[in-house]
Amino acid sequence: MALSINSNITNKLKFSSKINYTNKYSDNLPGAGYGNQSIMYWFIFWQPNADLDWLKDYWAYDANGNHLVGTKIFYPYSSFPENPYAIANQFINRSERNSVTGNAQLSYNFNKNLSLLVRTSADYGLEHRAQKRPYDAGSKMPKGSFRTQDITAKEITHDFLLKYVKDFSKDIKLTFTGGGSTLRNNYEREEMRADSLLRPGMFYPGGAAGDPVYIPYKSKYVINSFYGLIAAEYRNYLFVDLSGRQDWNSVLATPTMTNSAGFFYPSLNTSLILSDLYKMPKNINFAKLRLSVSSVGSGTTEPYRTSYNYARNYLFPDSIYQNPSVFANANLKPLRTVTTELGGNVKMFKNRLGIDVAVYLGNTKNQILERIVDRSTGFTREVINAGNVKNTGLELTLNTTPVKAKKKNGFGWNSNIVFSTNRNRIIDMPDTSIVLNMGPAGGGQIVAKIGGSMGDLYGRGYVRAPDGQVVYDAVTGNALITQEVVHIGNTIPKGKLGFSNDFSYKAFRFSFLFDGQWGGVAHSLMHYKMVEQGKLKVTLPGRYNGIIGNGVVQNPDGTYRKNDVIATDIDDYYRSHMGTDNAEGSTFRTDFIKFREARLDYTLPARILSNSGIRRVSLGIYGRDLFIWSPWPMFDPEFGTLSGTDIVRGFEIAQFPSTRSIGANLIIVF
């Protein structure tokens with residue numbers, strides 16, 4: 001629900017407000033990831049020629065034929081993957097979220113030159129989550145479980161903006177703007193765990209076999225800011241904006257120091273309207289050049305990473321506190337990005353062709369990251385500021401009108417192409433290399449290394465001859481795998497492209513969008529698991545007569561010959577290529593082309609509604625994520641793997657199939 005209010009209290013004082021309320025509820029969200037409480041985990045291990053109906057009666061029977069409803073689950077073939085019908089019906093993940101966002105603002109015009117804006121914005125969310133697990137829900141929960149999380153998130157921002165506009169002459173116009181803001185964020189989570197129930201179905205705190213465990217968590221941070229802007233305009237063709245901002249972020253403070261909490265960042269933006277300065281050729285309707293230089297600072301929004309603190313341990317009453325797993329950084333500095341951008345915009349042929357191009361060069365220093373450290377230190381990760389990363393990129397937009405409607409309801413066609421590409425290079429790091437994330441197999445890891453790029457994927461891969469061919473074992477015929485990790489590729493796409501079209505004719509409007517990306521890679525856990533079980537077509541060759549791998553064998557004297565060794569253990573052969581020890585073998589390109597969206601709308605003629613009090617009625621049908629073309633072997637290369645609250649790039653871990661959405665909507669305007 002949304003509410004919008006605008007009111008002129010006086011000629012000089014105006015009030016406006018917008019409030020949005022959203023309720024989202026699900027009786028059961030599916031569990032994700034590689035674990036026995038996920039449907040996808042079961043799919044990996046299921047025998048594809050078995051009848052699914054066999055599993056529908058998911059409560060087991062004892063030796064006497066008694067139906068063990070609520071106490072014993074029937075496991076298919078193995079006790080590792082849960083019965084999928086039990087997961088769908090008994091492993092409940094309920095969620096309900098109520099959120100309110102809104103703002104209220106007052107603006108006052110002292111005179112024609114001076115005005116003041118005062119505003120308050122709020123974002124408030126209240127979420128209740130509950131997880132229910134029945135008896136026999138795996139080895140860790142033989143008597144079921146009931147957990148709840150009550151989450152309250154609140155963010156309030158107060159800001160003001162004072163604006164002064166002055167025409168110093170007929171050629172020069174200046175605008176002075178100054179303001180400030182304060183942002184306060186509070187987050188609270190109350191978690192209750194009852195990981196053993198007295199009897200089946202007792203999903204409430206009083207049903208716990210022991211005392212329920214309560215785990216509260218609270219966090220807060222504050223960002224205070226002052227900022228100013230001077231905008232100059234000369235003869236409507238030359239524009240210069242100079243801005244500066246000072247932030248103080250409590251995330252960067254420590255209990256004893258605030259040295260790094262404050263940081264300043266300025267910017268300069270200029271643009272020149274060439275078509276107003278010079279007489280352009282007949283076919284050029286508009287031409288503009290722009291240049292900007294900016295320095296942006298950030299302290300992130302995750303508090304309590306600058307001081308060592310013990311965490312409360314509520315699971316073991318005799319051990320009230322425990323060591324943290326992340327090593328804090330008392331000298332944490334704000335991230336800093338300096339970017340220079342040069343661009344231009346041209347419209348031609350009566351505005352039927354528009355081209356917008358921009359090139360940029362950026363340097364990011366002191367990125368705030370968590371690196372993986374040796375567990376023997378007593379920690380798993382360490383908060384660091386990571387070096388200097390150079391980014392270069394190109395963005396290009398092409399807007400065209402191949403067919404312009406000659407009359408109001410005639411046929412019209414607009415087409416748009418958006419292209420972007422980016423390259424980054426690590427110039428400097430605190431160490432030669434830093435491990436940022438670990439994958440599930442083959443030593444897969446995301447590594448930041450001097451001279452490399454952010455998103456570089458490393459892992460154990462093929463032993464290769466000097467000419468790049470795969471080396472095979474001279475006895476078994478299996479592929480040899482490196483002992484150390486090697487560079488496999490980069491998980492960040494090198495380029496993205498979008499292509500959209502919009503057609504209109506009389507009361508109809510049809511639009512569609514294709515988009516794609518190329519140049520990135522990722523590792524697939526599902527692929528290597530399916531290979532190890534022989535469930536993919538790539539494992540068919542050689543099952544009956546053996547196989548000779550495409551590559552070379554190293555001779556005793558160090559030279560190489562074409563591989564002539566027949567591998568007869570096909571299981572070991574394919575494991576050497578794409579199994580758990582070879583990250584390279586199950587790494588694939590994440591290139592794709594997607595039919596992202598299509599939409600057809602029809603608007604009723606105005607004459608039909610002339611006496612009804614209704615201004616407009618539109619009926620539309622739409623589809624999203626309709627088709628995909630990709631070399632990715634599983635479902636969708638746009639997967640997301642969650643690690644806490646972060647999305648880990650580069651590692652697919654039992655992803656769900658992507659969904660195609662088709663719907664309709666009706667719009668009535670009074």
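Everything discussed here concerns the structure shown above.
Residues numbered from 1 in each chain as written. Predicted model: local features only at pLDDT ≥ 70, side-chain atom pairs only at ≥ 80, totals over all residues. Heavy atoms only, no water.

J.: How should I be thinking about the side chain of Asp247 in this particular structure?
T.: Mapped onto the fold, Asp247 is located in strand E8 (residues 238–249). Given the relative accessible area of 6%, Asp247 is considered buried. In terms of polar contacts, Asp247 uses its side chain to reach the side chain of Ser225, at 2.6 Å. Not counting residues up to four positions away in its chain, the partners in contact with Asp247 are Ile223, Asn224, Ser225, Ala261, Gly262, Phe263 and Tyr265. (Helix = DSSP H or I, 4+ residues; strand = E, 2+ residues; numbered from the N terminus. Buried < 20%, exposed > 50% of the residue type's maximum accessible area, 1.4 Å probe, protein only. Polar contact = N/O pair within 3.5 Å; in protein donor to acceptor, adjacent residues only side chain to side chain. Contact = heavy atoms within 4.5 Å.)

J.: Teacher, can you tell me more about helix H4 (residues 525–532) here?
T.: Since the α-helix turns once every 3.6 residues, residues separated by three or four places project in the same direction. Counting buried residues along H4, 8 of its 8 residues qualify, which places the element largely inside the surrounding structure. By the burial criterion, the buried members of H4 are Leu525, Met526, His527, Tyr528, Lys529, Met530, Val531 and Glu532. Contact partners of the buried residues in H4: helix H1 (39–45), strand E25 (521–524), helix H5 (570–578), strand E28 (587–589) and strand E33 (651–652).

J.: Even after reading the chapter, I still don't get the nonpolar core, so can you show me in this structure?
T.: If you look at soluble globular proteins, the nonpolar side chains tend to sit buried side by side. Of all hydrophobic cores here, the largest spans 27 residues; its most connected members are Ile44, Tyr472, Met526, Ile547, Tyr573, Tyr574 and Trp632. When residues of this core are assigned to their parent elements, the largest contribution, 5 residues, is made by H4. In contact with Met526, other than residues within four places in its own chain, are Met40, Ile44, Met634, Phe635, Glu652, Ala654 and Gln655. Leu369, Val389, Met429 and Leu436 belong to the second-largest nonpolar core, a separate cluster that totals 10 residues. (Core = buried A, V, L, I, M, F, W, Y, C linked by side-chain atoms within 4.5 Å.)

J.: Looking at this model, I keep getting lost on the packing of H4 against H5. Mind explaining?
T.: Think of two packed helices as two axes; the pair is described by the angle between the axes and how far apart they sit. Between H4 and H5, whose axes approach to 9 Å, the crossing angle comes to 170 degrees. Considering the angle they form, H4 stands roughly antiparallel to H5. Counting all contacts with H4, which are made through His527, Tyr528, Val531 and Glu532, the residues of H5 involved are Asp571, Tyr574, Arg575 and Met578. Across the contact of H4 with H5, the residue classes break down as 4 nonpolar, 1 polar and 3 charged. (Axes fitted to C-alpha atoms, helices over the stretch in contact; angles between N-to-C directions. Parallel < 35°, antiparallel > 145°, perpendicular 65-115°, else oblique. Nonpolar A, V, L, I, M, F, W, Y, C, P; charged D, E, K, R; others polar.)

J.: Would you mind going over the pattern of salt bridges with me for this structure?
T.: Side chains that differ in sign of charge can pair as their charged atoms come close. The final tally for this structure, using the stated rule, is 26 salt bridges. One salt bridge in this structure joins Asp171 and Arg235, with 3.3 Å as the shortest N-O distance. With a gap of 64 residues between them, Asp171 in the loop between strand E5 (143–167) and strand E6 (172–194) and Arg235 in the loop between strand E7 (213–234) and E8 connect regions that are remote in the sequence. Close ionic contact of Glu302 with Arg305 constitutes a salt bridge, the shortest N to O distance being 3.7 Å. Via salt bridges that share partners, Asp515, Lys594, Arg596, Asp625, Asp636 and Glu638 belong to a single interconnected network. (Salt bridge = Lys/Arg side-chain N within 4 Å of Asp/Glu carboxyl O.)

J.: Even after reading the chapter, I still don't get a positive patch on the surface, so can you show me in this structure?
T.: A surface patch of like charges, here positive, comprises Lys282, Lys350, Arg352 and Lys404. Its place among the elements puts Lys404 in the loop between strand E16 (381–403) and strand E17 (412–428). Residue Lys404 is classed as partly exposed on the basis of its relative accessible area of 48%. (Patch = residues over 30% accessible without salt bridge, like charges linked within 9 Å, V, L, I, M, F, W, Y side chains within 5 Å. Areas by Shrake-Rupley, 256 points an atom, 1.4 Å probe, with all protein chains shown as cover. Lys, Arg positive; Asp, Glu negative; His and termini not counted. Charge placed at Lys NZ, Arg CZ, Asp CG, Glu CD.)

J.: What's the story with the packing of aromatic side chains in this structure? I'm lost.
T.: To describe a pair of aromatic rings, you give the distance between the ring centres and the angle between the ring planes. Summed over the entire model, instances satisfying the criterion amount to 30 aromatic pairs. Relative to Phe512, the ring of Phe503 has its centre 6.2 Å away and its plane inclined at 25 degrees; by these criteria the two rings are stacked. Taken individually, Phe503 and Phe512 each receive the classification buried, so the pair is uniform in this respect. Three or more aromatic residues link up through ring pairs in this structure, and these residues are Phe411, Trp413, Phe503, Phe510, Phe512, Phe514, Phe595, Phe627 and Trp629. Sitting above the plane of the Phe286 ring, Lys347 keeps its charged end 6.0 Å from the centroid. A cation over a ring is seen here: Arg660 above Phe627, with NZ or CZ 5.2 Å from the ring centre. (Phe/Tyr/Trp six-rings, centres within 6.5 Å; stacked < 30°, edge-to-face > 60°. Lys NZ or Arg CZ within 6 Å of the ring centre and 35° of its normal.)

J.: Would you mind showing me how to read the sheet that holds strand E27 (residues 560–562) here?
T.: Backbone-to-backbone hydrogen bonds join strands into a sheet, with any given pair of strands oriented parallel or antiparallel. Strand order in this open sheet of 3 strands is E21-E26-E27, and the pairing throughout is mixed. At either end of the open sheet lies a strand with only one pairing partner, and these are strand E21 (471–472) and E27. By the bridge criterion, 3 bridges tie strand E26 (residues 552–554) to E27 in an arrangement that is antiparallel. Within the sheet, the bridge partner assigned to Val552 lies in E27 and is Lys562. (Pairing = 2+ DSSP bridges.)

J.: Just checking my understanding: could you explain the pairing of strand E29 (residues 592–603) for this structure?
T.: On a regular strand, one side chain projects to one face of the sheet and the next to the other, so that they alternate. Bridge count between strand E24 (residues 508–518) and E29: 10 bridges; the pairing is antiparallel. Paired with Phe512 across the two strands is Ala598, which belongs to E29.

Read these as layout, nothing more, since geometry by itself doesn't imply function.
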